[in-house]
Amino acid sequence: MKLIVAMTGATRSILGIKLLEALKESGVETHLVMSEWAEKTMQIETSYRPDEVKKLASYVYEPHNQASRISSGSFRVDGMVISPCSMKTLAAIRIGFADSLIPRAADVILKEQKKLVILPRELPFNRIHLENMLSLSNAGAVILPPMLTFYNKPSTLDDAINHVVARTMDQFGIENQLTKRWLSQ
Ligand SMILES: Cc1cc2nc3c(=O)[nH]c(=O)nc-3n(C[C@H](O)[C@H](O)[C@H](O)COP(=O)(O)O)c2cc1C
């Protein structure tokens, strides 16, 4: 499997980092784009450095390189995840404003009718955010907000993060043992 992974400047950059680690572990070929604000946010809120996170990906693209292959519908890929997704990037994708590589690649994924999974992050959402999410859902994207889950009885922050990463991977049918599933009969 081959996936585009985009990270933008919303808080919770750890979700994108842990996703990249898990996809690497699962043998998925990853094509990573990090926005400038994703890099800054990562440095503000984690102890990871962007250069070490980039090493987790199979391929890395510059956020303004519109000539890169993931900018084209002719590139064969199974889908795209944006984790975390800022409200700015969400808005850009909603209106097809492909001024940089992340919204361009997402636009291409939608036009090629491939799977686009978006992990939007803001608290609270205003009406514009909600309308953008509804519109993208209507256009075929999966809106997967990284919400807290308690049925799996998380005891650490890692448990909570892994649950979101697992549910993201579930969207592509990628096997993982990152979280406990609800198996009650
Ligand atoms: C520490 C930090 C946290 C941020 N958190 C959010 C957030 O949760 N959601 C959001 O939409 N923007 C957030 N922002 C603002 C975005 O980084 C900003 O809108 C940026 O222009 C997004 O650009 P990008 O989508 O190209 O990464 C945050 C910025 C900083 C510095």
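- An unreviewed UniProt entry lists the chain under the name Flavin prenyltransferase UbiX, with Thermoactinomyces daqus as the source organism.
- Under the heading Catalytic activity (unreviewed entry), UniProt records this for the chain: "dimethylallyl phosphate + FMNH2 = prenylated FMNH2 + phosphate".

### Here's the deal with the overall build of the chain
- Helix and strand content of the chain: seven helices and six strands.
- Sequence-ordered secondary structure for the chain, helices as α and strands as β, is β-α-β-α-α-β-β-α-α-β-α-β-α.
- A compact globule built from 185 residues would reach a C-alpha radius of gyration of about 16 Å, and the chain, at 15 Å, matches this within 12%.
- Counting only C-alpha atoms, the chain reaches 45 × 35 × 35 Å along its principal axes.
- Taken over 185 residues, the chain has a buried fraction of 48%.
- For the chain, long-range pairs separated by at least 24 residues make up 77% of all intrachain contacts whose partners lie at least 6 apart in sequence.
- The averaged location of the 19 negative side-chain charges in the chain is 3 Å from the averaged location of its 22 positive side-chain charges.

### Looking at the packing of helix H4 (residues 87-94) against helix H6 (residues 127-138)
- At a minimum axis distance of 9 Å, the contact between H4 and H6 shows a crossing angle of 45 degrees. Taken together, H4 and H6 sit at an angle that is classed as oblique. In terms of crossing hand, the pair formed by H4 and H6 is left-handed. On the side of H4, the interface is formed by Met87, Leu90, Ala91, Ile93 and Arg94, while H6 contributes His129, Glu131, Asn132, Met133, Ser135 and Leu136.
- Residue classes in the contact of H4 with H6 are distributed as six nonpolar, three polar and two charged.

What counts and what doesn't
Throughout, a residue's number is its position along its own chain's written sequence, starting from 1. Side-chain atom pairs in this predicted model are given and counted only at pLDDT of 80 or more, local residue features only at pLDDT of at least 70, and totals for whole chains, interfaces and linings cover all residues. Hydrogen atoms and water are omitted, and side-chain values are computed over all heavy atoms in the structure. UniProt positions are given in the numbering used here, feature names are shortened, and annotations may be inferred rather than shown by experiment. Only runs of H or I of at least four residues qualify as helices and only runs of E of at least two qualify as strands under DSSP, and these elements are numbered from the N terminus. In this setup the radius of gyration rests on C-alpha atoms only. A globule is expected at 2.2 Å times the number of residues raised to 0.38. Remark: exposure states derive from per-residue accessible area (1.4 Å probe, protein chains only) relative to the maximum for the residue type, with buried under 20%, exposed over 50%, and partly exposed in between. Note on contacts: a residue pair qualifies if any of its non-hydrogen atoms lie within 4.5 Å across the two residues. Counted charges follow a simple rule, with Lys and Arg positive, Asp and Glu negative, and His plus the chain ends left uncounted. Here the site of a charge means atom NZ of a Lys, CZ of an Arg, CG of an Asp or CD of a Glu. To obtain an axis, a line is fitted to C-alpha atoms, over the contacting stretch when the element is a helix, and the angle between two such axes runs from 0 to 180 degrees between their N-to-C directions. Convention used here: angles under 35 degrees read as roughly parallel, angles over 145 as roughly antiparallel, angles from 65 to 115 as roughly perpendicular, and any remaining angle as oblique. A crossing counts as left-handed when the near helix is turned anticlockwise from the far one by less than a right angle, and as right-handed when that turn is clockwise. Charged residues are taken to be Asp, Glu, Lys and Arg, nonpolar residues to be Ala, Val, Leu, Ile, Met, Phe, Trp, Tyr, Cys and Pro, and polar residues to be all remaining types, Gly included.

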